[in-house]
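Given next are the chains, with one letter for each unit.
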Amino acid sequence: MANHWTLVRVKHIQGVGRMNRNEFCPICDGAVPSEEYKGRYPGALSRFDNNEEICSLCGMAEAMTPLFSPEGREIMVVGLQNDDFELWAAGVQKGLPQCREILEQQKVAQEQLKKLNEEE
Ligand SMILES: [Zn+2]
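Residues numbered from 1 in each chain as written. Predicted model: local features only at pLDDT ≥ 70, side-chain atom pairs only at ≥ 80, totals over all residues.

**Student:** For this particular structure, what's the right way to read the overall build of the chain?
**Tutor:** The secondary structure content of the chain amounts to five helices and two strands. Overall, the chain shows an N-to-C arrangement of helices and strands of α-β-β-α-α-α-α. By the burial criterion, 31% of the 120 residues in the chain qualify as buried. A sequence separation of at least 24 residues applies to 52% of the contacts in the chain between residues at least 6 apart. (Helix = DSSP H or I, 4+ residues; strand = E, 2+ residues; numbered from the N terminus. Buried ≥ 20, exposed ≤ 12 C-beta atoms within 10 Å, placed from the backbone. Contact = placed C-beta atoms within 7 Å.)

The following block contains the structure:
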């Protein structure tokens, strides 16, 4: 298993600098980089092939899903082995709800921090 993730990392380093730009994320069909910042910034580079531009959330999910979901991780690995982006995407999607939750909590924390700073 570890070999596949090492392979992904190597591909990632080699792939820096080129990207297939997408208006909509090929994993979740959402706007790139996000609904909030639609088209204003580049999205993330998919670890699948370091070529597809995906939304920020899916960029996070590609990294985090293997930690949240053994099933998602398994599907991602098989997708990678078979060079099947659809399958990879299905695996990544398993971790999307958890990532959304983390981002939401982060936002709340940032707002609380901002309020604290304003009160000083
Ligand atoms: Zn996405």
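This is not the end of the story, as more comes after the structure.
**Student:** For this particular structure, what's the right way to read the packing of helix H2 (residues 56-68) against helix H3 (residues 70-81)?
**Tutor:** To describe two helices that pack against each other, one gives the angle between their axes and the distance between the axes. The N-to-C vectors of H2 and H3 enclose an angle of 125°; their axes lie 6 Å apart at closest approach. When the interaxial angle is binned, H2 and H3 end up oblique. Crossing hand, H2 versus H3: left-handed. On H3, the residues that touch Thr 65, Pro 66 and Phe 68 of H2 are Gly 72, Arg 73 and Met 76. Here the contact of H2 with H3 is built from residues that sort into three nonpolar, two polar and one charged. (Axes fitted to C-alpha atoms, helices over the stretch in contact; angles between N-to-C directions. Parallel < 35°, antiparallel > 145°, perpendicular 65-115°, else oblique. Left-handed = near helix turned anticlockwise from the far one by under 90°. Nonpolar A, V, L, I, M, F, W, Y, C, P; charged D, E, K, R; others polar.)

**Student:** Explanation requested: the nonpolar core in the structure shown.
**Tutor:** Among soluble globular proteins, nonpolar side chains are generally buried collectively. In terms of nonpolar packing, the biggest core is built from 20 residues, with Leu 57, Cys 58, Ala 61 and Val 92 touching the most fellow members. Per element, the largest residue contribution to this core is four residues, and it comes from H2. In this structure Leu 57 touches Cys 28, Gly 30, Ser 34, Leu 96, Cys 99, Arg 100 and Leu 103, once residues within four positions along its chain are discounted. (Core = buried A, V, L, I, M, F, W, Y, C linked by C-beta atoms within 7 Å.)

**Student:** Would you take a moment to explain the packing of H3 against helix H4 (residues 85-93) for this structure?
**Tutor:** Contact geometry of H3 with H4 gives a least axis separation of 7 Å together with a crossing angle of 165°. Taken as axis vectors, H3 and H4 run roughly antiparallel relative to one another. Crossing hand, H3 versus H4: left-handed. The residues of H4 that touch H3, namely those facing Gly 72, Arg 73, Ile 75, Met 76, Val 78, Gly 79 and Leu 80, are Phe 85, Leu 87, Trp 88, Ala 90, Gly 91 and Val 92. For the contact of H3 with H4, the class distribution of residues is nine nonpolar, three polar and one charged.

**Student:** Teacher, can you tell me more about unusual backbone geometry here?
**Tutor:** The bulk of non-glycine residues show a negative phi, and the bulk of peptide bonds are trans. A cis amide bond links Val 32 with the next residue in sequence, Pro 33, at an omega value of 0°. Take Pro 33: it is sitting in the loop between helix H1 (2-15) and strand E1 (44-45). Unusually for a residue other than glycine, Asn 50 sits at a positive phi of about 55°. Summarising the element assignment, Asn 50 is placed in the loop between E1 and strand E2 (53-54). Overall, the presence of 19 C-beta atoms within 10 Å leaves Asn 50 in the partly exposed class. Within the chain, Asp 83 stands out as a residue other than glycine whose phi angle is a positive 55°. With respect to the helices and strands, the residue Asp 83 is situated in the loop between H3 and H4. Accessibility expressed as a C-beta count within 10 Å gives 10 for Asp 83, which makes it exposed.

As far as function goes, none of this settles anything; it's purely spatial.
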